[in-house]
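As a plain string of letters, each chain reads:
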Amino acid sequence: MIVPKEQEEEKEKEERHPKPKQHRSRPPTLHLCLLLFTVPVAAWFIVTISSHLTSSPNIDSTHNFDLHFPPERNRNSPPSHSTTFPSSSFTADLAPPLPPLPQAEAVIIKSKANIIKAVDTTMEESGPYHNWQLFVQDFKEMMRNFKIYVYPDADATNQTQSQFGPIFLPHQNPFDPKLGNYFSEHMFKLSLLQSSLLTLHPQQAHLFFLPFSINLLRNDPRVHSEASISEFVSRYITRILSDFTFWNASAGADHFYVYCHSVGREAASKFLDLRNNAIQVTCSSSYFQRYYVTHKDVALPQVWPRPNDQPLTPPDARHKLVYFSGRIQNSRIRQELIAVWGNDSYMDIFSGSTPFPYEEGFRRSKYCLHVKGYEVNTARVSDSIHYGCIPVIISNYYDLPFANVLNWSKFSVIINQGEIAFIKKRLLSITRQMYLDMYHNLCQVRKHFLWHKTPRGFDSFHMTAYQLWLRRSMHRLSH
């Protein structure tokens, strides 16, 4: 039972200042007995009440520990670029009552409950995970409490007559095969707007999403170039500073944006707080990449729009050892791969197009190579997982997606770029049982590399959101 705060204070007051009662003289022995009995009982009572108030699972932590923001700044006031942080403001048990939930939020709450319930029925062994039990408990905590606010540019009902409005809106046809490498960028936004993690109340939000699309900016002839994109983004953040109060609460550290195009890393180059503080959710997740900061930024899986319901080729029907097909002009590593292994009969390794459909190579091979091109990332990792081909990753300094949850060594082979000459020996040394174990684990992780318009289970959206959940503990500061 939760004790209201007023009753708790009244009880504590009564314990410290009891009302006077008629005094009757008692024998000294009786006084001593009463004292020995009363002290431990009173101590037990106080400890019990305190423990109950601090640990009861019925207490909603989002209400007892709400974070308060001052009223929104006047839209005509100049933005503040000060890097001096005022003292922090954190109040407990003083949050005003929430307004009545609109229909949209009622749907969100129902969806959230369904997902949490589904998690309870999908408990698995550790398999390809570092610690499945620990992860799933934290995942359920995320589903109950995590809240993300999307700036209104991504909401068609709040759109101004901006000529760049479509840059902020969800893609009208995100499953268009022409999107290719940029499918994940668009699907994250669409999934977030359909997810149970969305909040319509920015005061409740743990993180704030900046919904501009680098891919659409790249394809817009009015912007297009890297310099123009960074200028556009800088002006957009300046408007966010002017129209809202939330950026200055953390100098942007609780804000994030998503992209898969390599020019996205330059988007923040003209706004230092965006570059240094905001979270990048990016496919281009290299330790050595300019502006990418490991443990601050998030690796996004690069997925192509492909049908999800195709049956996998079983292990015994995979007759080729290795498969790779791709351009080699922009990669010294790929050139070396072709030079060493291009004529090996155990391997299907091609520069450019193949004599059979691209997907067929994944279906009939045991191992599929992911080799660094211009970037460390390509869609070949998710392609391999999609078609049930064990990924062989030859990309140094690659911050692999979901690496804090997934044990990649259980379903992939990681080879240093300097060891291309030993690929065949390394793969042939893997026993049949080890291969079957990796194949089984690969089948388990496939669900994490799928996107859905309405996110569900442990799909790519929820796994990416979990990475953001782990980065949510940014200090908010008063204005």
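Residues numbered from 1 in each chain as written. Predicted model: local features only at pLDDT ≥ 70, side-chain atom pairs only at ≥ 80, totals over all residues. Heavy atoms only, no water.

**Some details on helix H16 (residues 460-469)**
Worth spelling out the cut-off: Throughout this description, buried means an accessible area under 20% of the type-specific maximum (1.4 Å probe, protein chains only), exposed means over 50%, and partly exposed covers the range between. Working definition: helices are DSSP H or I runs of at least four residues, strands are E runs of at least two. Numbering for both runs from the N terminus.
Of all ten residues in H16, ten are buried; the element is thus mostly enclosed. Among the residues of H16, Ser460, Phe461, His462, Met463, Thr464, Ala465, Tyr466, Gln467, Leu468 and Trp469 are the ones counted as buried.

**Re the environment of Val233**
Tracing the backbone through its elements, the reader meets Val233 in helix H9 (residues 226-243). Between the C-alpha atom of Val233 and that of Phe271, which follows or precedes it by 38 residues, the distance is 8.2 Å.

**A short note on the sheet that holds strand E3 (residues 255-259)**
Backbone-to-backbone hydrogen bonds join strands into a sheet, with any given pair of strands oriented parallel or antiparallel. The line we're drawing: Strands pair, by our definition, only if DSSP identifies at least two bridges between them. In what follows, a contact means two residues having at least one pair of non-hydrogen atoms within 4.5 Å. In this analysis, axes come from line fits to C-alpha atoms, helices being fitted only over the stretch in contact, and the angle between any two N-to-C directions falls in the range 0 to 180 degrees.
Pairing is parallel in the open sheet, where five strands are placed in the order E1-E2-E3-E4-E5. Both edges of this open sheet fall to strand E1 (148-150) and strand E5 (298-299), since each of them pairs with a single strand only. Taken together, the two bridges between strand E2 (residues 207-209) and E3 define a ladder with parallel strand orientation. Within E3, the position partnered with Phe209 by the bridge is Phe256. Each of E1, E2 and E3 touches helix H7 (residues 183-193); the most contacted strand, E3, lies at about 135° to it.

**What to know about the confidence of the model for the protein chain**
Worth spelling out the cut-off: Scored from 0 to 100, pLDDT records how confident the predictor is in each individual residue.
For the protein chain, per-residue confidence averages 77 on the pLDDT scale, and residues scoring 70 or more make up 70% of the total. Note that pLDDT drops below 50 for residues 1-101; the model gives that stretch 81 contacts with residues more than four away or on any other chain.

**Some details on the pattern of salt bridges**
Here is the rule: Salt bridge criterion: a side-chain nitrogen from Lys or Arg within 4 Å of a carboxyl oxygen from Asp or Glu.
On inspection of all chains with the given rule, the structure shows 14 salt bridges. A salt bridge links Arg235 to Glu231; the shortest N-O distance between them is 3.8 Å. With Arg235 and Glu231 both in helix H9 and four residues apart, the pair spans about one turn of that helix. Here Glu231 falls in the partly exposed class, since its relative accessible area comes to 34%. Arg364 serves as the salt-bridge partner of Asp348, at 2.9 Å between the closest nitrogen and oxygen.

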